Every structure is written in C-alpha cells, then in structure tokens.
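# A look at the structure
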Amino acid sequence: AQKITQTQPGMFVQEKEAVTLDCTYDTSDQSYGLFWYKQPSSGEMIFLIYQGSYDEQNATEGRYSLNFQKARKSANLVISASQLGDSAMYFCAMRGVSGGYQKVTFGTGTKLQVIP
Amino acid sequence: SQTIHQWPATLVQPVGSPLSLECTVEGTSNPNLYWYRQAAGRGLQLLFYSVGIGQISSEVPQNLSASRPQDRQFILSSKKLLLSDSGFYLCAWSLGTSTDTQYFGPGTRLTVL
C-alpha cells in the first residue's frame, strides 16, 4: 500500500525567504513518481514539479525544487524567494502501482502563508 | 495545448436529488480520466478512473457512478444525493506515460442540503 505523509498542517514564511515543505512516503514499488501540486483558494490543483524514483538529480522548476532523499523516503518541496502569490495549499503525491494499475495517492496538504 | 473543462462550477442540490457533473478535455486523444472528491480541508480521494471509452474503474463503493460516452468526456452521476456527497469534485487527465502527470480541471463545488 502507498502512503504519503505531510506533517505540517500550516507554515508561515516571510516574503522573499525560502521555505521547505516536508513530505515522506512509503511504498514497496521499485519504480514510482513523486509530485507536488499547489491549490490556491480558487480550488484548482496546479502541477508544480515531478521527480522519478530513478532520477539521480533533484528536479527543479523555476523557484521550485524537490529535495529527493530516496533512502529516507522523503521528497521535500523547496520554494525559493517566496512571493505573496505562493500562499496556498500544497499537496505531495506519489504515483505507484496498486491493484494492477497506476494510482496516485495524495497527502493531506500543507497550508503555506507568505507574510509581507 | 490541452485544456480541461468542468461544469457547473458550483451546485446546490437537495438530498435525494440526482446529480450530473461533466468534464471534457481538449487538445489530446485517448487520455486517462479521473474523478476525485475533496472534503473541506482534506486531501483528494480518487473516486473513478477511465483508460478508454466505456471503461470505468471504481475506487470506493458509494452512491456515485461515472460514465465515459466519448473519448474526451467524463461524467459523474448520482441517482439520489446524500448529505455526505457534499465536497469539491475535481476531474483530471493524464497521458498514461512513464511520468503520468495528472492535470486538473477547475473543479465543481457541490453542496447537498
């Protein structure tokens, strides 16, 4: 069974500072993928970044980077130079195989608030 | 580029009434399609997924059903809504590639009274 754990219900960060959102996962699959999504108050889920389990380098997309530590089963999201528009819910997710098909499991989310 | 539409955006329905939510994808062929539900302040729960026309798999037993009458159309239905059906319903698509990134629509906020 797959499991995603986000232990920070809420986080605050000062504008222009960097912030790390934690995510740990549990899976018995050898091949899997890890995702981060942003959900602003409008509700839409916005894809941010992807990391494959066999990728040797950490994924980066603009101000977003994924700190992938396979041995620790963690996939933390780092947002550099926070902006007010980064205030939102952030969800970590994992793609693996369950019941014979690829399934994505989501964490419970972290609410990030950027302070001016 | 691909786009995904959902309607209606918001819906208020009485208990026991029927439901029909529609999702359509443009700009791609034969996508995998998904319906999720998000209760207030919670994560996403996968309800249904489809890999092709007429092919629907259910994740959890409930009074909801899904259909895929066309390649890029996915419909979520209920014959009789329950109070517990209230929530935010999100449709998503993916290409079934090795990364299989899912892209979400704007969602439908359903309130059952």
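Before going into details, it helps to say that this report is about the structure given with it.

## Topic: the interface of chain A and chain B
At the junction of the two partners, chain A supplies 18 residues and chain B supplies 21 residues. Summing both sides of the interface, chain A and chain B together bury roughly 1,500 Å²; the carbon and sulfur share of this comes to 54%. Area buried by chain A at its contact with chain B is led by Met45(A), Tyr101(A) and Phe106(A), which between them contribute 30% of it. Counting across the interface, chain A meets chain B through one salt bridge. We note a salt bridge from Lys103(A) to Glu59(B), for which the minimum N-O separation is 3.2 Å. Scanning the region where chain A abuts chain B turns up three residue pairs in polar contact (both at pLDDT 80 or more). For the side of chain A that touches chain B, the elements supplying multiple residues, two or more each, are β5 (33-39), β6 (46-52), β10 (88-98) and β11 (101-106) of chain A.

## What about the pattern of salt bridges?
Pairs may arise between side chains of opposite charge once their charged atoms sit close together. Residue and element names in this part refer to chain A. Going through the model one piece at a time under the given rule, you end up with five salt bridges over all chains. The salt bridge involving aspartate 26 is made with lysine 73; its shortest N-O contact spans 3.4 Å. Of this pair, aspartate 26 sits in strand β4 (residues 24-26) while lysine 73 sits in the loop between β8 (64-69) and β9 (74-79), placing them 47 residues apart in sequence. The class for aspartate 26 is partly exposed, based on a relative accessible area of 40%.

## Re the nonpolar core
Ranked by size, the top nonpolar core spans 25 residues in total, and within it Leu21(A), Leu34(A), Trp36(A), Ile49(A), Leu77(A), Tyr90(A) and Leu112(A) carry the most contacts. Of all the elements in the fold, those that place two or more residues in this core are β2 (10-14), β3 (19-21), β5, β6, β8, β9, β10 and β12 (110-115) of chain A. For this core, the element with the highest residue contribution is β10(A), accounting for four residues. When sequence neighbours within four positions are dropped, the list of residues in contact with Ile49(A) reads Leu34(A), Phe35(A), Trp36(A), Ala59(A), Thr60(A), Glu61(A), Tyr64(A), Ser65(A), Leu66(A) and Leu77(A). With 19 residues, the next largest nonpolar core counts Cys23(B), Val25(B), Leu81(B) and Leu110(B) among its residues.

## Remarks on the state of the cysteines
Throughout the structure, instances matching the rule amount to two disulfides over all chains. Across the disulfide, Cys23(A) is cross-linked to Cys92(A) (sulfur-sulfur distance 2.0 Å). On the S-S bond that ties Cys23(A) to Cys92(A), the torsion sits near -65 degrees, and the link is left-handed. Placement of the pair is Cys23(A) in the loop between β3 and β4 and Cys92(A) in strand β10, with a sequence separation of 69 residues. Residue class for Cys92(A) comes out buried when judged on its relative accessible area of 0%. What pairs with Cys23(B) in a disulfide is Cys91(B), and their sulfur atoms sit 2.0 Å apart. The sign of the -75 degrees torsion about the S-S bond sets the Cys23(B)-Cys91(B) disulfide as left-handed. Of the two residues, Cys23(B) sits in strand β3 (residues 19-26) while Cys91(B) sits in strand β9 (residues 87-94), which places them 68 residues apart along the sequence. Residue classification places Cys91(B) among the buried positions, given a relative accessible area of 0%.

Cut-offs applied
Starting afresh in each chain, residues are numbered from 1 along the sequence in its written order. Written order decides the labels, with chains lettered from A and ligands numbered from 1. Where totals are concerned, whole chains, interfaces and linings use all residues; where local detail is concerned, this predicted model gives features only for residues with pLDDT of at least 70, and gives and counts side-chain atom pairs only at 80 or more. The side-chain numbers reported here are obtained from all heavy atoms of the structure, hydrogens and water having been left aside. By definition in these notes, contact holds between two residues if any of their heavy atoms fall within 4.5 Å. By buried area we mean the combined loss of accessible area, with a 1.4 Å probe, across both parts when two parts are placed together. A side-chain nitrogen of Lys or Arg and a carboxyl oxygen of Asp or Glu constitute a salt bridge if their distance falls within 4 Å. Think of a polar contact as two N or O atoms within 3.5 Å of one another; within protein, one of them needs to be a possible hydrogen donor and the other a possible acceptor, and neighboring residues in sequence only count if both atoms come from side chains. Counting from the N terminus, the helices are DSSP H or I runs at least four residues long and the strands are E runs at least two residues long. Here the term buried applies to any residue with accessible area under 20% of the maximum for its type, exposed to any over 50%, and partly exposed to those in between, with areas from a 1.4 Å probe on protein chains only. Here, the term nonpolar core denotes a set of buried Ala, Val, Leu, Ile, Met, Phe, Trp, Tyr and Cys residues that are joined through side-chain atoms within 4.5 Å. Count a disulfide wherever a pair of cysteine sulfur atoms falls within 2.5 Å.

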